[in-house]
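Residue-level structural notes
This is what each chain is made of:
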Amino acid sequence: MHIEVVANIGEARSDDFLHKTVIVVDVIRATSTIITALINGCKAIIPVETVLKAKELYREGDLLAGERFCKKIAGFDLGNSPLEFTKEAVQGRRIILTTTNGTRGIQKAAKADRVLAGAFLNSKACAEAAIALKRDTVILCAGTQDVFSLEDGLCAGHILEELVLALGEKHIATNDFGLAMRGCYLQAQNRLYETLLSCTNGKKMCKSGFQGDIAACALTNTTDQVPVLENDHMMLLPSIPARPAF
Ligand SMILES: O=C(O)[C@H](CS(=O)(=O)O)OP(=O)(O)O
Ligand SMILES: [Mg+2]
């Protein structure tokens, strides 16, 4: 199985995703938040790039969510903190979400055969889904405004490690960046929370009062669920069906 790890959205080319599984990773915080919201019973999440698009798609009963400069967007119901997306807040609701990087990454991956949302919370489940889908796989690290973010690379390394544990080293081939990220993850795995606190986005979150989010985003393999993009909506499916062979 071939797994390519892409360092940030700016380095990604949409056409390269055709016929592949793409796992979009934005640990701080969009994909951690999407996973949390769906586990807590929201109906679906519509990831969009702009505030304007989010407002256009809004229908009565929806929740508008997202951030700019880490802060909740004025007039929106929720920001981008996984801690806000509780059962009480989201159960049964459709959420339209726009964030600086993560939702842009999902849009960029939309030509893929399957688009999954990954974070430390579901690394093992992402690895299992990628194996079941039987396609070449790309892990797209969202990064921050087209610059690499360590937390996303570490999570890519975690997903690779789960793939190696599941299939064995000789069945997993990756690019040099993937090799490097797996090595970084193995070094950091016993102090992930501290590592996330010390990286650029972790420090930014702490400065903005979101230290609790870092603890929530650093938990590993807490769920076996994987959000998947289905007709512009991210949702949880009982199992993710492969599309017919091309
Ligand atoms: O709020 C977040 O977690 C970030 C904002 S920023 O890029 O750090 O300014 O957005 P995300 O799209 O989840 O990376
Ligand atoms: Mg991010």
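Everything below is about the structure shown above.
What you see is a predicted model; the values in this text were computed from it and never measured.

1. So, the overall build of the protein chain
Along the backbone of the protein chain there are 10 helices and 11 strands. The C-alpha atoms of the protein chain give 16 Å as radius of gyration, which agrees with the globular expectation for 246 residues (18 Å, within 12%). Each of the three principal axes of the protein chain carries a C-alpha extent, and together these read 50 × 45 × 30 Å. Looking at the 246 residues of the protein chain, the share that counts as buried comes to 52%. Partitioning the intrachain contacts of the protein chain with sequence separation of at least 6 by distance along the chain shows that 79% fall at a separation of at least 24. Accessible surface, the protein chain as shown: approximately 10,900 Å² in total, 52% of it carbon and sulfur. Once the 27 positive and 28 negative side-chain charges of the protein chain are each reduced to a mean point, those two points are 3 Å apart.

2. Structural notes on the site of ligand 1
Of all residues adjacent to ligand 1, which total 15 residues, the nearest are Asp26, Arg29, Thr99, Asn101 and Gly102. Here Thr100 contributes a backbone N or O atom positioned 3.4 Å from an oxygen atom of ligand 1. Contacts to ligand 1 include Gly102, whose backbone N or O atom sits 2.9 Å from an oxygen atom. Across the shell around ligand 1, the residue classes tally to 4 nonpolar, 7 polar and 4 charged.

3. Considering the nonpolar core
Residues Ile23, Val27, Leu116, Phe120, Ile139 and Ile159 are the most contacted members of the largest nonpolar core, which totals 36 residues. Elements represented by at least two residues in this core include exactly β1 (2–6), β2 (21–25), α5 (123–133), β8 (137–141), α6 (150–167), α7 (176–188), α8 (192–198) and α10 (211–217). Considering each element in turn, this core owes the most residues, 7 residues, to α6. Val22, Ile34, Leu97 and Met234 belong to the second-largest nonpolar core, a separate cluster that totals 26 residues.

4. A few points about the pairing of β8
Most of β8 sits inside the fold, with 5 of its 5 residues counted as buried. Two elements, β1 and β8, share 4 bridges in a ladder whose sense is parallel. For Ile3, the partnering residue across the bridge sits in β8 and is Thr137. Across 5 bridges, the pairing between β2 and β8 is parallel. Bridging across to β8, Thr21 finds its partner in Thr137.

5. Focus: the packing of aromatic side chains
Taken as a whole and judged by the stated rule, the model has 1 aromatic pair. Both rings, one in Phe148 and one in Phe177, keep their centres 5.4 Å apart while their planes meet at 85 degrees; by these two values the pair is edge-to-face. One end of the pair, Phe148, is in the loop between β8 and α6; the other, Phe177, is in helix α7, and 29 residues separate them in sequence. Lying across the ring of Phe210, Arg29 places its NZ or CZ 4.5 Å from the centre.

Here is what the cut-offs are and how they apply
- Residues numbered from 1 in each chain as written.
- Chains lettered and ligands numbered in written order.
- Predicted model: local features only at pLDDT ≥ 70, side-chain atom pairs only at ≥ 80, totals over all residues.
- Heavy atoms only, no water.
- Helix = DSSP H or I, 4+ residues; strand = E, 2+ residues; numbered from the N terminus.
- Rg over C-alpha atoms; globule rule 2.2 N^0.38 Å.
- Buried < 20%, exposed > 50% of the residue type's maximum accessible area, 1.4 Å probe, protein only.
- Contact = heavy atoms within 4.5 Å.
- Areas by Shrake-Rupley, 256 points an atom, 1.4 Å probe, with all protein chains shown as cover.
- Lys, Arg positive; Asp, Glu negative; His and termini not counted.
- Charge placed at Lys NZ, Arg CZ, Asp CG, Glu CD.
- Near = heavy atom within 4 Å.
- Polar contact = N/O pair within 3.5 Å; in protein donor to acceptor, adjacent residues only side chain to side chain.
- Nonpolar A, V, L, I, M, F, W, Y, C, P; charged D, E, K, R; others polar.
- Core = buried A, V, L, I, M, F, W, Y, C linked by side-chain atoms within 4.5 Å.
- Pairing = 2+ DSSP bridges.
- Phe/Tyr/Trp six-rings, centres within 6.5 Å; stacked < 30°, edge-to-face > 60°.
- Lys NZ or Arg CZ within 6 Å of the ring centre and 35° of its normal.

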